[in-house]
Amino acid sequence: MRYQESSKARGNQNLLPYLRALEVEDYAKIILREIRYLAEGSETYSPTVSQLYKALGNKVQLLYQMEQKKRNGVLQKTGEIYGNFCEVLAAGNSSDNPRQCWQRLVYQKSNDGPSMNFLEKSWPAAAQISVGKFLYNILMRDLRIDVRLGKTKTENLAPAFYTLFRHQGRMVKEEVKPHPVLMKLYRESQQETLTFDVNQVPMLCPPQPWTTMRNGGYLLAKSDLIRLPQTARQQIDQIEQTPLKNLYPALDSLNQLSSVPWTVNQNILDVILEVFNSGGNEKLDVPQPPNSLQPPPTPSNEIELTKGQKFELYRQKLQHRRKQSEMYSLWCDTLYRLSLANHYRDRVFWLPHNMDFRGRVYPVPPHLNHLGSDLARSLLVFHQKKKLGVDGFAWLKLHCINLTGLKKRDSVRERLLYAEEIMDEILDSADNPLNGRMWWAKSDEPWQTLSSCIEIAKVLRSSDPENYESNFPIHQDGSCNGLQHYAALGRDAAGAFSVNLAPAAVPQDVYSGVAQLVEQARLKDEE
């Protein structure tokens, strides 16, 4: 109430209705999670205070919107429709695609209970920032930590968080940092539980099909169809004014990708966990813990150092600290990915998809998905298996050689012959990934190569390779996608040939072709 009265006196926005949106216990949980987020963050980088305010206010809004769905009956009705939707999917006899099926079920229940076509109005950006700022004031002013913790019995309480100002170009940004004692406590506590937001983890059931710009993805948590900042009002308004039927092809594409069930490649996960728990390996792109970095040598008597030597020592210590922070960030990222993979080890899961402003599609969960680094891609395989058929085994061997990067300029036939030549290395990699000759570790994409070696060994040792059921994903990528589109739109035969849109005995490299043209022009000018 005091905050409400002071806000009125200053002519500021009244936040009381927003602050009453949740119970006190909910705010306490949000603040505790924010404390952990800040304490486990990077020492060299953190978001600005305005970004932190906005993000925290948005978390309050999302939780409020979920609570509203529970109260007005939308959650219960969504559950009923979703149950019918899963029954239709399991039966597999519907001619409708997922979007059409969902829309039909919603229409059948349109006269029962609350409307499913409700429009969630976002809080004003100023309100979100103000709510976040209010909670951060509690965090900054009321939280204290004993800086002599574990050293003396006498308490010496200090603020648990402080602000600093950092130069970013010509701008000076204010950031929030935890007290070093608090950061040390969190990092050394070795907590056994990791907590993620709902939209940061895969789903254990098929996602809700995208039917509009705002309805789709996760069942309860809000998902964005297009990754746009709220400041991009022009793009958002343009999409909202577009007739819904014009969006259906894009929505159906996302729904098709989201409907694919995945599972964890346990063979690869076990090998990666062994390397990670043994201290990591820089060559294999498994981050090492920050404490493995050796500190710079410290002279026995720093007093006798010259001013230049002291500055050099300070610079080395600063570089060491920054390197440790980078290592910690990479180590945490891999820890999250491997922890989630281990959690979903024996489960089937789905990845909701959305798109960016260019129309490129991405899985919504950021840590465990089939895109990203070599290590990330190697962890997932399809849940549904299919027979390899006549050409499947050849594609598998070709994929393995492509991952090594050794035969980029060779024909498909030459790459398949090379696979047969090194079959002993492939089988040794599959049987003894860490104790053998480790041929796979020399590849451009070592973990995906190891994964394909294990699959090749399984197929080769099966009684009937053509009827072997595999769930191994083979990634394919276009050659300079932008140039491919230009060549196709312009009916450019020469351009199409250079980006592999036309048949050729060996793969074409457009960059080498451009370099040759430039060299010819240079020689002509030289004459």
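So, a few notes on the structure that sits alongside this text.

What follows deals with the overall build of the protein chain. Assigned secondary structure in the protein chain consists of 20 helices and 11 strands. When the backbone C-alpha atoms are referred to their principal axes, the protein chain occupies close to 85 × 80 × 60 Å. Buried positions account for 38% of the 527 residues belonging to the protein chain. Taking as baseline every contact in the protein chain between residues at least 6 positions apart, the subset at least 24 positions apart corresponds to 66%. Accessible surface, the protein chain as shown: approximately 31600 Å² in total, 52% of it carbon and sulfur. Taking the average place of the 64 positive charges on the side chains of the protein chain and the average place of its 59 negative ones, the gap between the two points comes to 8 Å.

Attention shifts here to the pattern of salt bridges. Enumeration over the complete set of coordinates arrives at 19 salt bridges. For Arg166, the salt bridge goes to Glu175, with nearest N and O atoms at 3.1 Å. Of the charged contacts, one joins Asp270 and Arg345 as a salt bridge, the two residues approaching to 2.9 Å between their closest N and O atoms. Here the residue Asp270 occupies a position in helix H11 (residues 266-277), and Arg345 occupies one in the loop between helix H12 (307-343) and strand S6 (349-350), the gap between them amounting to 75 residues. Assessed through its relative accessible area of 37%, Asp270 is described here as partly exposed. Here Arg345 falls in the buried class, since its relative accessible area comes to 17%. Beyond isolated ion pairs, a larger network of salt bridges with shared partners links Glu519, Arg522 and Glu526.

What you see with strand S5 (residues 261-264) is no split at all: Pro261 and Thr263 on one side and Trp262 and Val264 on the other are buried throughout. Bridging between S5 and S6 involves 2 bridges; their strand directions are antiparallel. Each bridged residue has a counterpart across the sheet, and for Trp262 the counterpart in S6 is Phe349. As paired elements, S5 and strand S9 (residues 380-382) share 3 bridges and run antiparallel to each other. For Trp262, the partnering residue across the bridge sits in S9 and is Phe382.

Before going further, it helps to examine the sheet that holds S6. Spatially, the 3 strands line up as an open sheet ordered S6-S5-S9, and their pairing is antiparallel. Each of the sheet's edge strands pairs with one partner strand only, and the pair in question is S6 and S9.

Turning to the nonpolar core, a few remarks are in order. Generally speaking, nonpolar side chains in soluble globular proteins are found buried as a group. One finds Leu338, Phe349, Leu379, Leu380, Ile426 and Trp447 to be the most contacted residues of the largest nonpolar core, which totals 47 residues. Residues within four places of Trp447 in sequence aside, it is in contact with Ile268, Val271, Ile272, Val275, Leu284, Val286, Asp374, Leu375, Ser378 and Trp440. Counting 29 residues, the second largest nonpolar core, distinct from the first, contains Tyr27, Ala127, Leu139 and Ile145.

What follows is about the environment of Arg227. On the secondary structure map, Arg227 appears in the loop between helix H8 (180-188) and helix H9 (233-241). Each C-alpha atom, one on Arg227 and one on Pro209, is 17 Å from the other, the two residues being 18 residues apart in sequence. Leave out the neighbours within four places in its chain, and Arg227 touches Asn354, Met355, Asp356, Phe357, Tyr362, Pro363 and Val364.

A few words on the pairing of strand S4 (residues 171-178). The pairing of strand S3 (residues 161-168) with S4 spans 8 bridges and is antiparallel. By the bridge assignment, Tyr162 is partnered in S4 with Lys177.

Turning to its location among the elements, Trp102 is positioned in helix H6 (residues 98-108). Discounting residues that sit within four places of it in the chain, Trp102 has contacts with Thr78, Ile81, Tyr82, Phe85, Gln208, Pro209 and Thr211.

Now for the side chain of Arg36. Checked against the element boundaries, Arg36 lands in helix H3 (residues 24-39). The exposure class of Arg36 is buried, given its relative accessible area of 17%.

This brings us to H3. The end-to-end C-alpha separation of H3 is 23 Å, in line with the 22 Å expected for 16 residues at 1.5 Å each. If you check which residues of H3 are buried, you get Asp26, Tyr27, Ile30, Ile31, Glu34, Ile35, Arg36, Leu38 and Ala39. Those residues of H3 hidden inside the fold are in contact with helix H2 (16-19), helix H4 (49-71), helix H7 (125-142), S3, S4 and H8.

Looking now at the packing of aromatic side chains. Aromatic ring pairs: the centre-centre distance and the angle between the two ring planes describe each pair. Tallied over the full model, the rule gives 11 aromatic pairs. Between Tyr18 and Trp123, the aromatic rings sit 5.0 Å apart at their centres with planes inclined by 65°, giving edge-to-face as the arrangement. Of this pair, Tyr18 sits in helix H2 while Trp123 sits in the loop between H6 and H7, and the two are 105 residues apart along the sequence. Exposure remark for Tyr18: the relative accessible area of 18% places this residue in the buried category. Centroid distance Tyr328 to Trp331: 6.5 Å. Interplanar angle 20°. Geometry classified as stacked. One end of the pair, Tyr328, and the other, Trp331, are both in helix H12, 3 residues apart, so they sit about a helical turn from each other. Cluster of aromatic residues (ring-pair linked, three or more members): Tyr18, Tyr64 and Trp123.

Next up on the list: the packing of H3 against H7. The interhelical angle for the contact between H3 and H7, taken along N-to-C directions, is 65°, at an axis separation of 11 Å. Of the possible angle classes, the one that applies to H3 and H7 is roughly perpendicular. Crossing of H3 against H7: the hand is right-handed. Contact with H3, carried on its side by Tyr27, Ile31, Glu34, Ile35 and Leu38, involves Leu135, Tyr136, Ile138 and Leu139 of H7 and no other residues of that element. Across the contact of H3 with H7, the residue classes break down as 8 nonpolar, no polar and 1 charged.

Reading the values: rules and limits
- Residues numbered from 1 in each chain as written.
- Predicted model: local features only at pLDDT ≥ 70, side-chain atom pairs only at ≥ 80, totals over all residues.
- Heavy atoms only, no water.
- Helix = DSSP H or I, 4+ residues; strand = E, 2+ residues; numbered from the N terminus.
- Buried < 20%, exposed > 50% of the residue type's maximum accessible area, 1.4 Å probe, protein only.
- Contact = heavy atoms within 4.5 Å.
- Areas by Shrake-Rupley, 256 points an atom, 1.4 Å probe, with all protein chains shown as cover.
- Lys, Arg positive; Asp, Glu negative; His and termini not counted.
- Charge placed at Lys NZ, Arg CZ, Asp CG, Glu CD.
- Salt bridge = Lys/Arg side-chain N within 4 Å of Asp/Glu carboxyl O.
- Pairing = 2+ DSSP bridges.
- Core = buried A, V, L, I, M, F, W, Y, C linked by side-chain atoms within 4.5 Å.
- Expected span 1.5 Å × (residues − 1).
- Phe/Tyr/Trp six-rings, centres within 6.5 Å; stacked < 30°, edge-to-face > 60°.
- Axes fitted to C-alpha atoms, helices over the stretch in contact; angles between N-to-C directions.
- Parallel < 35°, antiparallel > 145°, perpendicular 65-115°, else oblique.
- Left-handed = near helix turned anticlockwise from the far one by under 90°.
- Nonpolar A, V, L, I, M, F, W, Y, C, P; charged D, E, K, R; others polar.

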